[in-house]
Amino acid sequence: MRSARANLLSGIREVRQSRKENELAVAASNLAGLRALVIEDESIVAMFLQDTLAEIGCEVIGIASRFDDAVEKVKSLAFDIAILDVNLNGRNTFPIADSLTERGVAFVVATGYGATDLPQSLQRVPILQKPFRQRDLERALRAALI
Amino acid sequence: MTKRAGDGLFGSDLWEAALEKYGSATHLTVRLFDADERAVFGPVHSTPLFQLFDETGYEPGIFAECAHRCIAQIEKRPAIIVSQFHGLAVVGASLALEGRVVGAAVGGYAFADFSQVSEIQRLARQANIAFERLWEIARKQPPVPQRRLRVHGELLQVLGDALLREHYRMRQYERAAAIVHSSDDAIVSTDLEGVIRSWNSGAERLLGYTAREAVGEPVTLFIPADRIDDEQGIVERIRRDEKIEHYETVRRCKDGRLLDVSLTVSPLTDAQGRIVGASRIARDITERKRQEHHRELLMNELNHRVKNTLATVQSLAMQTLRHAATLAEGRDSFEARLMTLSKAHDVLTREHWEGADLNKVAADAVAAYCGDVQESRFRVAGPIVRLQPKAVLALSMALHELATNAMKYGALSNTTGNVEINWRLIPGDPQRFQLRWAESGGPPVETPDRRGFGSRLVEQGLAQDLAGEARLTFARGGLVCTIDTPLDEIRQSEPAERHS
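Rules of the game
- Residues numbered from 1 in each chain as written.
- Chains lettered and ligands numbered in written order.
- Predicted model: local features only at pLDDT ≥ 70, side-chain atom pairs only at ≥ 80, totals over all residues.
- Heavy atoms only, no water.
- Salt bridge = Lys/Arg side-chain N within 4 Å of Asp/Glu carboxyl O.
- Helix = DSSP H or I, 4+ residues; strand = E, 2+ residues; numbered from the N terminus.
- Buried < 20%, exposed > 50% of the residue type's maximum accessible area, 1.4 Å probe, protein only.
- Pairing = 2+ DSSP bridges.
- Axes fitted to C-alpha atoms, helices over the stretch in contact; angles between N-to-C directions.
- Contact = heavy atoms within 4.5 Å.
- Buried area = accessible area lost by both parts, 1.4 Å probe.
- Polar contact = N/O pair within 3.5 Å; in protein donor to acceptor, adjacent residues only side chain to side chain.
- Nonpolar A, V, L, I, M, F, W, Y, C, P; charged D, E, K, R; others polar.

Attention shifts here to the pattern of salt bridges. Taken as a whole and assessed by the stated rule, the structure comprises 36 salt bridges over all chains. Of the charged contacts in the structure, one is a salt bridge between Asp184(B) and Arg205(B), with a shortest N-O distance of 3.6 Å. In this pair, Asp184(B) sits in the loop between helix 6 (146-182) and strand 6 (186-191) while Arg205(B) sits in helix 7 (residues 201-207), placing the two residues 21 residues apart along the sequence. When sorted by exposure, Asp184(B) lands in the same class as Arg205(B), which is exposed. Arg257(B) serves as the salt-bridge partner of Asp255(B), at 3.3 Å between the closest nitrogen and oxygen. Residue class for Arg257(B) comes out partly exposed when judged on its relative accessible area of 45%. If you follow the salt bridges from partner to partner, you end up with Asp51(A), Glu55(A), Arg322(B) and Arg456(B) in one network.

What follows is the structure, encoded as structure tokens:
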């Protein structure tokens, strides 16, 4: 009895340990040097993202504020991660999300909507709820990179 | 026979047929009176004698008197009047419906029964003479025994009540049928096997099948395949005499379209109270569903806008503070930017977020800087351009930054400088929009070594929001800002396009 309990406890400890290690690894993973594409139609928010990403150490290689522009930049630019607003001037960006998924590029979805309004295909993508703090952005970026 | 058009209660063929039968069995004539004691039906004659009354225009008056007694309920038992003068006995019964006296039936009885007299045809032909002679004979007969009259009165009562009830039931039925017929709801009855037995015009309109097509078909005719299981449950509940109210479901129309309905299903019983089927009332709730959906969309949109506005305000605050030399300066700049954003929202709200005139946007942007002295220091000119909301917000913010800069370092920092704001439309494909902010008369301009958030808001933000170019030129004589963008990117779209 006692040994079963001890086994269980040590098992739990192990799981906790590995989870913690995992988190630590993620936290330590360097976001610096990542090339980021910002897809956001509010220019003021885009600027804020640009500055915040720069502070984290990322390089913003492009900003797209219009749907067609975003489609074009996703295709033509080389980047490691994208921050994708779900709505560009009233048009949802799910097709852009799909093409990012297809290309295997990590991305974060920025939205003022609740996560429940997103389609099934985006349920596993990290959500950056607007408005956000720098650490929310960092956490979302890390989650996207796992 | 002088049958008058009485009110609905006494006018039916049912009465006539029943009274003829009753009369022929008892050699009477019968008249019906309404609650106002007006003769409304009859007389229905069975003996030729009473026919002679009519033909000679002889009106004994005791029918009306008897009806009065019945209607006024002077006597509890059937009212009987025996007139030796007329050689006539009458018996009346009051007719009541739902506890209310609605009229009276009065039967007349001659002392002499001439119905069997062989020469009656001849007598009738000579009516005018024969009538008096006939009458004399009648008066000499012994009166009809009271007992017999009472029995007739009671018979009359039973007959009248039964007929009225029947008549009333029919009217109720007709009224109900009229309601069913004219209803906008689909009202369908089915038997316990689920076979359609009736189909109103509401059902024809909503579901598309005519009554001829639907009656006799199984109820699954208009139930979508994935809802057939529900139907089994409904039938079981109906068998248990349960009513199913306001159950929201979907029904299939003839053309395959699915219709949102609110369904009420009630058991139908026969005269013995046995459950024989179900009535199904389906109400079209497409419109309600559409409104619910619309409301949900609006809530989502509102939430989205609020969250995005918060993100914008957050970005403004963070970047203002980041660039501010002192906390006080940062606070003032942030406040001014927030107020500019808020005023631009006001303009758009007044226009239902459809757009605003550039003239108005420009006037609002410089209004804060047009004090008494400086009123004439702005020259604003350009053609009418309706801007879309995004352009309104972007230009309001940019003009605010330019004006603030002019106040601090440029043409508005001394007493002599001026600002010209001009815009024009350049023909071509695409048609272009150009705006120029030009300062003059201010202190000599130095190109700043470091660009602040204001410059960035104009050069990067405006360019991005207008999908064009925005350039700041620090010319020696005064700052110049030029904006160049395709007109379609900033112009409010036509209503037809907007709703497409």
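Cis geometry marks the peptide bond from Lys130(A) to Pro131(A); its omega dihedral reads -10 degrees. The topology assignment puts Pro131(A) in the loop between strand 7 (127-129) and helix 5 (134-145). In the segment running from Asp429(B) into Pro430(B), the intervening peptide bond is cis, with an omega of 0 degrees. A positive phi angle, near 65 degrees, is found at Glu37(B), a position not held by glycine. Secondary-structure assignment places Glu37(B) in the loop between strand 1 (29-34) and strand 2 (39-45).

Here we come to the sheet that holds strand 7 of chain A. All names here are of chain A. If you walk across this open sheet you meet the five strands as 2-1-3-6-7, and the pairing is parallel. Every interior strand has two partners, whereas the edge strands, strand 2 (59-64) and strand 7, have only one. Taken over all neighbouring pairs, the strand axes of this sheet differ in orientation by 20 degrees on average, direction set aside. Bridge count for strand 3 (residues 81-85) against strand 6 (residues 106-111) is five bridges, and the pairing is parallel. The residue bridging Ile-83 from the neighbouring strand is Val-108, located in strand 6. Along the sheet, helix 5 contacts strand 3, strand 6 and strand 7; its crossing angle with strand 6, the most-contacted strand, is approximately 140 degrees.

Residue and element names in this part refer to chain B. When strand 6 meets strand 10 (residues 275-284), the two strands line up antiparallel, connected through six bridges. Looking at strand 10, one finds that Ala-186 is bridged to Ala-282. Bridge count for strand 9 (residues 258-269) against strand 10 is nine bridges, and the pairing is antiparallel. Across the sheet, residue Val-261 finds its bridge partner in strand 10, namely Asp-284.

Another point: the interface of chain B and chain A. Each partner contributes residues to the interface: chain B has 27 residues there, and chain A has 25 residues. When the buried surface of chain B facing chain A is broken down by residue, His304(B), Arg322(B) and Gln464(B) rank first, second and third, together holding 24% of it. Taking the shortest distance from any N to any O, the salt bridge between Arg66(A) and Glu489(B) comes out at 2.9 Å. Put simply, chain B and chain A have 17 residue pairs in polar contact (both at pLDDT 80 or more) between them. Of all the secondary structure elements, the ones that give two or more residues to the side of chain B that touches chain A are helix 10 (286-323), helix 13 (389-408) and helix 14 (453-466) of chain B. Considering each element in turn, the side of chain B that touches chain A owes the most residues, 15 residues, to helix 10 of chain B. Of the residues contributing to the side of chain B that touches chain A, the split by class is nine nonpolar, 11 polar and seven charged.

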